[in-house]
Amino acid sequence: MTDSIMSKAATMEIPINSNGDTGTLPEDDSLEQDLQQVMVSGPNLNETSIVSGGYGGTAEGIIATSSIKGSNMHHSSSSSSMTAEETTRGVAVEKLETMRKWGLNTYKCTKQMISERFGRGSRTVDLELEAQIEVLRDTKRKYESVLRLARALTNHFYNMVQTQHALGDTFADLSQKSPELRDEFGYNAETQKLLCKNGETLLGAINFFVSSINTLVNKTMEDTLMTIKMYENARLEFDAYRSDLEELSMGPRDAVTMARIDAAQQQYQVHKEKYERLRSDVTIKLKFLEENKVKVMHKQLLLFHNAISAYFAGNQQQLEQTLKQFNIKLRPPGADKPSWLEEQ
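Model, not experiment: these values are computed from the prediction.

### A look at the overall build of the protein
For the protein, the helix and strand inventory stands at eight helices and two strands. Start at the N end of the protein and walk to the C end: the helices and strands fall as α-α-β-β-α-α-α-α-α-α. Taken across its 344 residues, the protein has 25% of its residues classed as buried. If you sum the accessible surface of the protein, you get close to 24,500 Å²; carbon and sulfur atoms cover 56% of it.

Structure follows, in structure tokens:
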């Protein structure tokens, strides 16, 4: 609007009368009003137009910048929304594919398990490895029984030691209050205190025995059994895909079936490698477990025997020597909880 007005003003002829004054033009009032409107209001950038052609051109070449701005913003918003939608769709498709594979694998394994249970399907068996696994499970059950009984012995013996301690304190108190029986109460008080001291030493040995058996049973053996469980699952998957491949191989050999046979062959090979890898891991772990079990139990059984024998023989020196031999340190009375300095 400003350009058109200024262009119009610049191209107008200004007539001069005989006195040298400018004549009054019929368009002066409208021109002055237009200029005042431009000076007061100024151009609105949101409504600025891009003009194609010169003054007096047609309106077809005029494009409002507000419409361009709105178009760009709409295009950017549409692009971002499409990108977010594509990302969401990709994640959903990936999850659906994972669920599909999981469902198919579960179906095949369940089918194989039922077939084996009812004697209709074949299973891969490693007789030597299966025998070793069964021996391990039986050994774990027996060691758990030993652990349970050893804990019961610890609890009973702890109660006995506490009773002996209380009885010794009572005898000592009566020795002070009964002059006529002072010596008799005194002897018994000393005996109970000695038994209590030896009992605490024996408790230290039994607790060490229980702790070592617990580590062997609930950590070392359990870790091996977890690997065995993974091996058994891999064996089931391997047999399931093997049976699937055998069924497909016995069918017709058209193009669709051949494609399915190739896919089944690939899955069979993947699960075969997984099965063989886990079988090797189980074999190695069973070997190391047996070596570790023999070494640990040799030490613990020797400790248990020497400590029990020395205690019931009344040999305090041998009992203390047994604990030193196996590097067992007893906590002093009242040291069940570490001090604040030790916790730092």
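### Let's talk about the nonpolar core
Core analysis: the biggest nonpolar cluster contains 43 residues, and I133, L136, I228, Y231, V282 and L286 have the highest contact counts within it. At the level of elements, α4 (127-177), α5 (182-249), α6 (255-312) and α7 (316-325) are the ones that each hand at least two residues to this core. The leading source of residues in this core is α5, at 18 residues. Setting aside anything within four residues of it in sequence, one finds V282 in contact with L129, I133, T227, I228 and Y231.

### Details of α7
Along an α-helix, a turn takes 3.6 residues, which lines up residues three or four apart on a common side. Taken residue by residue, α7 has L319, T322 and L323 as its buried positions. Down the axis of α7, the buried set is contained in an arc of 95°. They therefore lie on one face. Seen from the open side of α7, the exposed residues pointing more than 90 degrees away from its buried face are Q317 and K324. The inward-facing, buried residues of α7 contact α5 and α6. Measuring from the side-chain oxygen of the N-cap residue of α7 to the backbone nitrogen of Q317 gives 3.4 Å; that N-cap residue is N315.

### Regarding the UniProt feature "coiled-coil region" (unreviewed entry) in the protein
Annotation from UniProt places "coiled-coil region" (unreviewed entry) at residues 261-292. Between the C-alpha atoms that bound residues 261-292 there is a distance of 46 Å. The span itself is 100% helix and 0% strand.

### Overview of the packing of aromatic side chains
Counted according to the given criterion, the structure contains seven aromatic pairs. Consider the rings of F157 and Y311, whose centres lie 5.2 Å apart with planes at 75°: the pair is edge-to-face. Placement of the pair is F157 in helix α4 and Y311 in helix α6, with a sequence separation of 154 residues. Members of the aromatic cluster, each reached through a chain of ring pairs, are Y231, F238, Y268 and Y275.

### Let's talk about the pattern of salt bridges
Under the defined criterion, the tally for this structure stands at twelve salt bridges. The residue E144 makes a salt bridge to K140 at a minimum N-O spacing of 2.5 Å. Residue E144 and its partner K140 are both found in helix α4; the two are separated by four residues, about one turn of the helix. Using a relative accessible area of 30% as the deciding quantity, one classes E144 as partly exposed. Classification of K140 as buried rests on a relative accessible area of 11%. For E246, the salt bridge identified is with R242, shortest N-O distance 3.2 Å. Placement of both E246 and R242 in helix α5 is noted, with a separation of four residues, approximately one turn of the helix. Take R242: its relative accessible area is 14%, and that puts it in the buried class.

### Brief notes about the packing of α5 against α7
Relative orientation and spacing of two packed helices are given, respectively, by the angle between their axes and the distance between those axes. Following both chains from N to C, one finds α5 and α7 inclined at 25°, their axes separated by 10 Å at the closest point. As judged from the angle between their axes, α5 and α7 are roughly parallel. Where α5 crosses over α7, the handedness of that crossing is left-handed. Counted together, L194, K197, N198, T201, L202 and A205 of α5 and Q316, L319, E320 and L323 of α7 form the full contact between these two elements. Per-class residue counts for the contact of α5 with α7 are five nonpolar, three polar and two charged.

Parameters and conventions
- Residues numbered from 1 in each chain as written.
- Predicted model: local features only at pLDDT ≥ 70, side-chain atom pairs only at ≥ 80, totals over all residues.
- Heavy atoms only, no water.
- Helix = DSSP H or I, 4+ residues; strand = E, 2+ residues; numbered from the N terminus.
- Buried < 20%, exposed > 50% of the residue type's maximum accessible area, 1.4 Å probe, protein only.
- Areas by Shrake-Rupley, 256 points an atom, 1.4 Å probe, with all protein chains shown as cover.
- Core = buried A, V, L, I, M, F, W, Y, C linked by side-chain atoms within 4.5 Å.
- Contact = heavy atoms within 4.5 Å.
- Arc of directions from axis to C-beta.
- Polar contact = N/O pair within 3.5 Å; in protein donor to acceptor, adjacent residues only side chain to side chain.
- UniProt positions renumbered as here; feature names shortened; annotations may be inferred.
- Phe/Tyr/Trp six-rings, centres within 6.5 Å; stacked < 30°, edge-to-face > 60°.
- Salt bridge = Lys/Arg side-chain N within 4 Å of Asp/Glu carboxyl O.
- Axes fitted to C-alpha atoms, helices over the stretch in contact; angles between N-to-C directions.
- Parallel < 35°, antiparallel > 145°, perpendicular 65-115°, else oblique.
- Left-handed = near helix turned anticlockwise from the far one by under 90°.
- Nonpolar A, V, L, I, M, F, W, Y, C, P; charged D, E, K, R; others polar.

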